[in-house]
Amino acid sequence: MSVPVTTPAADATADGDVSPWQPTACILCYINCGIEVRVGGDDGRRFERIRGDKAHPVSTGYTCQKALRLDHYQNGRHRLTSPLRRRPDGTFEEIDWDTAIAEVSERLGAVIAEHGGESLFYYGGGGQGNHLGGSYGYAFMAALGSKYHSNALAQEKTGEFWVDHRLYGNHTIGDFEHTEVAVLLGKNAWQSHGIQRARTVLKAISNDPDRTLVVVDPVRNETAALADHHLAVRPGMDAFLYAAMLAILVQEDLVDHKFIAAHTTGADELFAHLELVPVADYCERAGLAEDQVRTVTRRMATASSVSTLEELGIEQIPHSTLNSYLHKLIWLLIGSFAKPGGMNLHSSFLDLTRIFESYSTPEATPVTGTRVVCGLVPCNVIADEILTDHPDRFRAMVIESTNPAHSLADSARMRAALEALDLVVVIDVAFTETARCADYVLPAASQYEKWECTYFNFEFPRNVFHLRAPLLEPLAGTLPEPEIHARLARAMGYLPEEELAVLRDALEEGGRLGLAAEYFDIYGVSTSVDDLKMGPLALYEVLGPTLPDGARAAAVLWAASHAVAFEHEDAVRRAGIEGEGPFLGEALFDAILESRSGVVFTADAYEDTWHYLDTSDDKIHLAIPELLAELDGLRTEPHPTVDAEFPFVLTCGSRRAFSANTILRNPDWRKSDREGALHISPGDAAALGVTDGSKVAVTTKRGRAEALVEISDTMQPGHVILPNGYGLSYPDENGKPVVVGVAPNELTSSEDRDWFAGTPWHKHVRARVEKLASPGVGLGPHDER
Ligand code: SF4
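Just so you know, these numbers come straight off a predicted model, no measurement behind them.

**Student:** Provide a residue-level description of the pairing of strand β28 (residues 728-731), including the pertinent values.
**Tutor:** On a regular strand, one side chain projects to one face of the sheet and the next to the other, so that they alternate. With burial as the criterion, each face of β28 is covered, one bearing L728 and Y730 and the other bearing S729 and P731. What sits between β28 and strand β29 (residues 737-740) in their antiparallel hairpin is a turn of five residues, with G735 showing a positive phi close to 85 degrees.

What follows is the structure, encoded as structure tokens:
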């Protein structure tokens, strides 16, 4: 939906006062729609009105309903206002910032002295629209000698990113605005977005008789209800469907031979594997009629353009990396690439995977030898790297703006791992489940109290970067994350003034251009090289204080602006940025600093997508031997059977109208589905003897939880769903922490993960559902664990 825009006059209070609309962004999903906020209320800090920002270059005024509830993130009893130190008895006491910085520095130094910097593990460093802190956090941790790190992307996207890099060396995005056939795989875009202006775009495709919407999902969700074709795949069997579709393309000779010959390698090897796929058998295993699969495949093959989007529904189930590979092969074999409506590579203001890799040298973890993918340690092995007597185990964690004790598989084991460490430092706005396991909790300013931005720049042909100014002063007692990292680095001696003096002198004598000559001589021009390490913090110290309006944390973007202008000079110029040589980077940085609603930083024609291809021979490499072997293995995989002990497949963490990531902690933000009901099919409900509002026990091999039931005819038999973002602790009016809903990872197991990328199977958990007494009685808030 698009939020109606109201005039300032209509928003005036009775005495005529009108606070200004201030541009910023929604931070509840990676689309990061531009919004405008009016702050006010008794303390002048409430988000009284929120609307879409028409000036945002991409979202152009669009938001979904979730953005309108952001006051529940900004204000509430979850906010921390003082550093906390854990007492020996497990309770916490408030300490001042100087004490916190001194003690954390000393404790980190002690761990390094005894076990080396490699024993420090960094987790997080940002979230949706919250990336500046991580830019400095990675630099700080690298200075300490830390080599291992991870974040939520290793729970979902590392398999896909790895496949992207093997195929064409970069990231692709679908052109859903213009595509003839849109295909969503394990993605309920109506609720979880992933496409700019998702609901507007989906409705336009659905309403156009010449365009086709295809949804692959076990559930007839809101997006599937709009679709021309809903492929209601059997839960967890997507790999068989995509293999069958590819085989149909080859066996019916529907591939684009001209595209394959001109732009790819490895086709013959790939086709040899696909010739062996038994289409009818695979469709049957996927729970789909062969005719429907053939019809959809032919529609895609004969369309002028196809755009696709995969998401957690296929990335957090068995064969997840293979799913990503097979899905991408479909649009590659039909040549829907580098053209309007097709899949396109794009520029990045900062390429996250390259940054992660540049700060991570090992290829495997120190204890279990697990593959490090895209520079990130698979989340499901983190506890295994701690709960051991191996001499190289992780000894300390710095955890920033994320909540692994709630969001990683097997929460109980993750809590035990945190308790086993010598030191846990948590940086966050709230006293999260993870903060409860920390030795020190350092309270961060909220995303609306500091300069912030998102590094998820996934647009093509016009890509956008949005630096956001603070709407409010930091809440008393809090600090922006970049300042926390800088204080720790200073206290530990990693920002010696004699080294900074070189940069200070260059800036003083030659302005920013003088600084550029010196800085890039020291640190290099690329944003992805190892030398960058302390560069961000040096810029924070030297350039940061000179930036206007207190935009100190934006200093790291100055280096990135030069790197983008250097790497994509023509595209930056086409975006309207003017300048020669280093003046282009300076002009881009100025544009980013001055804009409050986002800047188009690259503009391309569709054929320019080839410019972003990053392979050794400028070809797309279709054959990935590791995954072709897994494809072959599908033929001998046993047919799905019902597990007598755990007869249901539980999907943990679906997106709904009132589910969001865990930064929304106050359950009052929800207008409905307060407890996050378990969705179940009518037939299964009847067999269990439950009705809407009944209470059930959900048991897995790892845990047990109680949930309320909502019967839904969108569900397949044998499949149940719990939403994401529930089961969080939040203080009641007396300060007593209570929990509403089920925390999904109390039910998941860390050993259930993809063999290659280690991504968890959160969307495919074997479970048992049993009726409990007290039908119709709500669970209500319950004590925290
Ligand atoms: S689509 Fe909704 S949740 Fe996502 S950024 Fe926009 S307003 Fe926020």
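**Student:** Pulling in residues and values, what's your account of the state of the cysteines?
**Tutor:** In the structure shown here, the tally under the stated rule is zero disulfides. Sulfur of C379: no disulfide; nearest cysteine sulfur belongs to C374 and is 12 Å away. Given a relative accessible area of 3%, C379 falls into the buried group.

**Student:** I'd like a description of the pairing of strand β3 (residues 46-52), backed by residues and values.
**Tutor:** Across six bridges, the pairing between strand β2 (residues 34-40) and β3 is antiparallel. Along β3, the bridge assignment pairs V39 with F47. Between the end of β2 and the start of β3, which pair antiparallel, lie five residues, with G41 showing a positive phi angle near 85 degrees.

**Student:** So what about the confidence of the model for the chain? Which residues, and what values?
**Tutor:** When pLDDT is averaged across the chain, the result is 93; 95% of the residues are at 70 or more. Of the regions scoring below 50 in pLDDT, residues 1-14 engages in 29 contacts with residues more than four places distant in sequence or in other chains. pLDDT under 50 marks residues 526-531. Its contacts with residues more than four places away, or in other chains, come to 14 contacts.

**Student:** Got a sec to walk through the site of the ligand? Specific residues and values, please.
**Tutor:** Around the ligand, the structure places C26, L28, C29, N32, C33, T63, C64, A67 and H193. Among the residues making up the shell around the ligand, the classes are represented as six nonpolar, three polar and no charged.

**Student:** Explain the packing of helix α4 (residues 158-167) against helix α24 (residues 625-633) residue by residue, including any values.
**Tutor:** At a minimum axis separation of 11 Å, α4 and α24 run at an interaxial angle of 120 degrees. Judged by residue contacts, W162, V163 and R166 of α4 engage P625, E626 and L627 from α24. Across the contact of α4 with α24, the residue classes tally to four nonpolar, no polar and two charged.

**Student:** So what about the environment of P470? Which residues, and what values?
**Tutor:** Topologically, P470 is positioned in the loop between β20 (467-468) and α18 (481-491). Residues P470 and Q22, 448 residues apart in the sequence, show an inter-C-alpha distance of 9.1 Å. When neighbours within four sequence positions are excluded, P470 is seen to be in contact with Q22, Y448, E449, K450 and W451.

**Student:** Can you break down the sheet that holds strand β11 (residues 229-231) residue by residue, with the values?
**Tutor:** Strand order in the open sheet formed by four strands is β11-β10-β9-β13, and the pairing between neighbours is parallel. In the strand order of this sheet, the two ends are held by β11 and β13 (306-310), each with one partner. The sheet shows a mean angle of 15 degrees between the axes of neighbouring strands, direction not considered. Bridging between strand β9 (residues 181-185) and strand β10 (residues 212-216) involves five bridges; their strand directions are parallel. Within the sheet, the bridge partner assigned to A182 lies in β10 and is L213.

**Student:** Give me the lowdown on the side chain of S597, citing residues and values where you can.
**Tutor:** Relative to the elements of secondary structure, S597 occurs in the loop between α23 (582-594) and β21 (599-603). Residue S597 is classed as buried on the basis of its relative accessible area, which comes to 12%. Engagement of the side chain of S597 in a polar contact is seen with the side chain of D53, the distance being 2.7 Å. Setting aside residues up to four positions removed in sequence, S597 forms contacts with P23, D53, A55, H56, P57 and H466.

**Student:** An account of the packing of α4 against helix α14 (residues 320-333) is requested, with residue identities and associated values reported.
**Tutor:** With their axes 8 Å apart at the nearest point, α4 and α14 run at an angle of 45 degrees to one another. One finds that α4 runs oblique with respect to α14. Crossing geometry of α4 relative to α14 is assigned as right-handed. Along its contact with α4, which presents G159, E160, W162, V163, D164 and L167, the element α14 presents T321, S324, Y325, K328, L329 and L332. Tallied by class, residues from the contact of α4 with α14 come to six nonpolar, three polar and three charged.

**Student:** Mind laying out the packing of aromatic side chains, listing which residues take part and the relevant values?
**Tutor:** Working definition: an aromatic ring pair is given by the centre-to-centre distance plus the angle between the planes. Applying the stated criterion across every chain yields a total of 26 aromatic pairs. Seen from their ring centres, W755 and F756 are 5.3 Å apart, and the 75 degrees between their planes marks the pair as edge-to-face. For the cation-ring pair, R51 lies above W21, with the distance from its terminal atom to the ring centre recorded as 4.0 Å. Looking at R552, its charged tip hangs above the ring of Y540, at a distance of 4.3 Å from the centre.

**Student:** Could you give an account of helix α20 (residues 535-542), with specific residues and numbers?
**Tutor:** Among the eight residues that make up α20, eight are buried, leaving the element largely enclosed by the rest of the structure. All buried positions along α20 are accounted for by G535, P536, L537, A538, L539, Y540, E541 and V542. Here the buried face of α20 lies against α3 (132-144), α18, α19 (497-523) and α21 (555-567).

**Student:** Let's hear about the pattern of salt bridges: which residues, and what values?
**Tutor:** The full count for this structure, using the stated rule, is 46 salt bridges. Between R166 and E626 there is a salt bridge whose closest N-O contact spans 3.2 Å. Of this pair, R166 sits in helix α4 while E626 sits in helix α24, and the two are 460 residues apart along the sequence. Among the residues examined, R166 registers a relative accessible area of 30% and is labelled partly exposed. Where salt bridges share partners, they join K157, E160, D164, K187, E311, E315 and K328 into one cluster.

**Student:** Account for the environment of Y282, with residues named and values stated.
**Tutor:** Within the secondary structure layout, Y282 lies in helix α11 (residues 279-285). Given the relative accessible area of 0%, Y282 is considered buried. Sequence separation between Y282 and Y242 is 40 residues, and the spatial gap between their C-alpha atoms is 9.1 Å. In contact with Y282, other than residues within four places in its own chain, are F240, A243, A244, V277, L631, L634 and R635.

**Student:** Give a description of the nonpolar core that names residues and reports values.
**Tutor:** Core analysis: the largest hydrophobic core is formed by 230 residues, its most contacted members being L70, Y325, L333, F349, L467, L557 and W558. For this core, the element with the most residues is helix α8 (residues 238-251), which contributes 12 residues.

**Student:** Kindly report on the sheet that holds strand β17 (residues 440-443), identifying the contributing residues and their values.
**Tutor:** Strand order across the open sheet formed by seven strands is β5-β4-β17-β16-β15-β6-β7, with mixed pairing between neighbours. Edge positions in the sheet fall to β5 (92-94) and β7 (148-150), since each has one partner strand and no second. When the angles between neighbouring strand axes are averaged without regard to direction, this sheet yields 15 degrees. Contacts from helix α2 (residues 97-115) reach β4 (84-86), β6 (120-124), β15 (396-400), β16 (423-428) and β17, with the element oriented near 130 degrees to β17.

**Student:** Give me the side chain of S59: which residues, what numbers.
**Tutor:** Inspection of the secondary structure assignment puts S59 in the loop between β3 and α1 (71-74). Take S59: its relative accessible area is 0%, and that puts it in the buried class. One polar contact links the side chain of S59 to the main-chain amide nitrogen of G34, over a distance of 2.9 Å.

What counts, and at which threshold
- Counting starts from 1 at the beginning of each chain's written sequence and moves along it residue by residue.
- pLDDT decides what is reported in this predicted model: residues at 70 or higher carry local features, side-chain atom pairs at 80 or more are listed and counted, and totals for whole chains, interfaces and linings draw on all residues regardless.
- To get the side-chain values, all heavy atoms of the structure are used, and hydrogens and water are removed first.
- Accessible area is worked out with a 1.4 Å probe on protein chains only. A residue is then buried under 20% of its type maximum, exposed over 50%, and partly exposed in between.
- For the purposes of this entry, the term helix denotes a DSSP run of H or I that reaches at least four residues, the term strand denotes a run of E that reaches at least two, and both are numbered from the N terminus.
- A pair of strands counts as paired when DSSP detects no fewer than two bridges linking them.
- To count as a disulfide, a pair of cysteine sulfur atoms needs to be within 2.5 Å.
- Each residue carries a pLDDT score, the predictor's own confidence in it, on a scale running from 0 to 100.
- In what follows, residue pairs with any heavy atoms lying within 4.5 Å of each other are defined as contacts.
- We define proximity as follows: a residue is near a molecule or strand when any one of its heavy atoms falls within 4 Å of that partner.
- Following the grouping adopted for this structure description, the nonpolar residues are Ala, Val, Leu, Ile, Met, Phe, Trp, Tyr, Cys and Pro, the charged ones are Asp, Glu, Lys and Arg, and the polar ones are all others, Gly among them.
- Lines fitted to C-alpha atoms define the axes here, with helix axes fitted over just the stretch in contact, and angles between the N-to-C directions of these axes take values from 0 to 180 degrees.
- N or O atoms within 3.5 Å of each other form a polar contact, as long as, within protein, one can give a hydrogen and the other can take it, and as long as residues adjacent in sequence are counted only when both atoms are side-chain atoms.
- Convention used here: angles under 35 degrees read as roughly parallel, angles over 145 as roughly antiparallel, angles from 65 to 115 as roughly perpendicular, and any remaining angle as oblique.
- Left-handed describes a crossing whose near helix is turned anticlockwise from the far helix by less than a right angle; the clockwise case is right-handed.
- Any pair of Phe, Tyr and Trp rings, taking the six-membered ring for Trp, is counted once the centres come within 6.5 Å. Such a pair is stacked with planes under 30 degrees apart, edge-to-face with planes over 60 apart, and tilted for the rest.
- Consider the ring centre and the ring normal. A charge sits over the ring if Lys NZ or Arg CZ is within 6 Å of that centre and within 35 degrees of that normal.
- The term salt bridge refers to a side-chain nitrogen of Lys or Arg lying within 4 Å of a carboxyl oxygen of Asp or Glu.
- In these notes, a set of buried Ala, Val, Leu, Ile, Met, Phe, Trp, Tyr and Cys residues joined through side-chain atoms within 4.5 Å is what counts as a nonpolar core.

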